[in-house]
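Residue-level structural notes
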Amino acid sequence: MSDGATSKTVWSCVVDAGTALDTANNNLDFNVFLAAGESISVETDGFSNFEGSVRQIADVNGTLVQPSGFTPQ
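So, here is what we can say about the structure in this document. As the structure is a prediction and not an experimental result, all values here were calculated from the model. (Residues numbered from 1 in each chain as written. Predicted model: local features only at pLDDT ≥ 70, side-chain atom pairs only at ≥ 80, totals over all residues. Heavy atoms only, no water.)

Looking only at helices and strands, one finds zero helices and zero strands in the protein. Burial status across the protein gives 1% buried among its 73 residues. Taking all contacts inside the protein whose residues are at least 6 apart in sequence as the whole, residues at least 24 apart take part in 32%. A total of about 7,100 Å² of accessible surface is found on the protein, and carbon and sulfur atoms cover 49% of it. (Helix = DSSP H or I, 4+ residues; strand = E, 2+ residues; numbered from the N terminus. Buried < 20%, exposed > 50% of the residue type's maximum accessible area, 1.4 Å probe, protein only. Contact = heavy atoms within 4.5 Å. Areas by Shrake-Rupley, 256 points an atom, 1.4 Å probe, with all protein chains shown as cover.)

Structure follows, in C-alpha coordinates:
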(Lines give C-alpha, C1' and ligand atoms only; values in the text may rest on other atoms or scores of the structure.)
Protein backbone atom coordinates (compact mmCIF):
# COMPACT_ATOMS: atom_id res chain seq x y z
CA MET A 1 0.00 0.00 0.00
CA SER A 2 1.43 3.37 -0.90
CA ASP A 3 0.57 7.04 -0.58
CA GLY A 4 3.10 7.90 -3.28
CA ALA A 5 5.89 8.70 -0.83
CA THR A 6 6.05 5.71 1.51
CA SER A 7 5.08 2.06 1.16
CA LYS A 8 3.68 -0.38 3.71
CA THR A 9 3.45 -4.16 3.45
CA VAL A 10 -0.12 -5.31 4.09
CA TRP A 11 0.50 -9.06 3.69
CA SER A 12 3.53 -11.19 2.84
CA CYS A 13 4.23 -14.86 2.18
CA VAL A 14 7.66 -16.43 1.78
CA VAL A 15 7.98 -20.02 0.53
CA ASP A 16 11.26 -21.92 0.50
CA ALA A 17 11.03 -23.61 -2.91
CA GLY A 18 13.49 -26.49 -2.55
CA THR A 19 12.29 -28.14 -5.76
CA ALA A 20 10.23 -27.14 -8.76
CA LEU A 21 7.34 -29.20 -7.34
CA ASP A 22 6.96 -27.16 -4.14
CA THR A 23 3.72 -25.17 -4.08
CA ALA A 24 1.91 -22.91 -1.68
CA ASN A 25 -1.73 -21.91 -1.96
CA ASN A 26 -2.94 -19.04 0.14
CA ASN A 27 -6.58 -18.05 0.06
CA LEU A 28 -7.33 -14.84 1.87
CA ASP A 29 -9.83 -12.03 2.04
CA PHE A 30 -9.03 -8.66 3.51
CA ASN A 31 -10.47 -5.17 3.49
CA VAL A 32 -8.28 -2.13 2.96
CA PHE A 33 -9.24 1.53 3.33
CA LEU A 34 -7.58 3.63 0.66
CA ALA A 35 -7.86 7.39 0.91
CA ALA A 36 -7.59 9.62 -2.16
CA GLY A 37 -4.09 9.32 -3.65
CA GLU A 38 -3.32 5.94 -2.05
CA SER A 39 -2.90 2.70 -3.98
CA ILE A 40 -2.37 -0.98 -3.42
CA SER A 41 -0.15 -3.19 -5.57
CA VAL A 42 1.03 -6.79 -5.78
CA GLU A 43 4.57 -8.03 -6.31
CA THR A 44 5.60 -11.63 -7.06
CA ASP A 45 8.81 -13.34 -8.05
CA GLY A 46 9.25 -15.02 -11.45
CA PHE A 47 7.81 -18.31 -10.17
CA SER A 48 4.59 -17.08 -8.59
CA ASN A 49 1.33 -15.57 -9.70
CA PHE A 50 -1.43 -13.65 -8.00
CA GLU A 51 -5.10 -13.79 -8.84
CA GLY A 52 -7.64 -11.58 -7.17
CA SER A 53 -10.42 -9.08 -7.46
CA VAL A 54 -11.26 -5.69 -6.02
CA ARG A 55 -14.62 -4.21 -5.08
CA GLN A 56 -15.63 -1.02 -3.34
CA ILE A 57 -17.67 -1.84 -0.23
CA ALA A 58 -18.17 1.63 1.26
CA ASP A 59 -17.55 5.28 0.52
CA VAL A 60 -15.26 7.57 2.52
CA ASN A 61 -18.12 8.28 4.96
CA GLY A 62 -18.72 4.58 5.68
CA THR A 63 -21.92 4.35 3.63
CA LEU A 64 -22.15 0.84 2.19
CA VAL A 65 -22.04 0.56 -1.60
CA GLN A 66 -24.31 -2.07 -3.17
CA PRO A 67 -22.68 -4.41 -5.74
CA SER A 68 -23.37 -3.58 -9.39
CA GLY A 69 -26.66 -5.11 -10.48
CA PHE A 70 -27.86 -5.78 -6.91
CA THR A 71 -31.48 -4.79 -6.27
CA PRO A 72 -32.61 -5.19 -2.66
CA GLN A 73 -36.07 -6.71 -2.16
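When its relative accessible area of 19% is taken as the criterion, serine 2 is described as buried. For serine 2, the side chain forms a polar contact with the main-chain nitrogen of glycine 4, separated by 2.9 Å. In this structure the side chain of serine 2 is engaged in a polar contact, spanning 3.3 Å, whose partner is the backbone oxygen of threonine 6. Leaving out residues up to four positions away in the same chain, serine 2 has contacts with Ser7, Gly37, Glu38 and Ser39. (Polar contact = N/O pair within 3.5 Å; in protein donor to acceptor, adjacent residues only side chain to side chain.)

Honestly, that's just the spatial picture; any functional story needs more than this.
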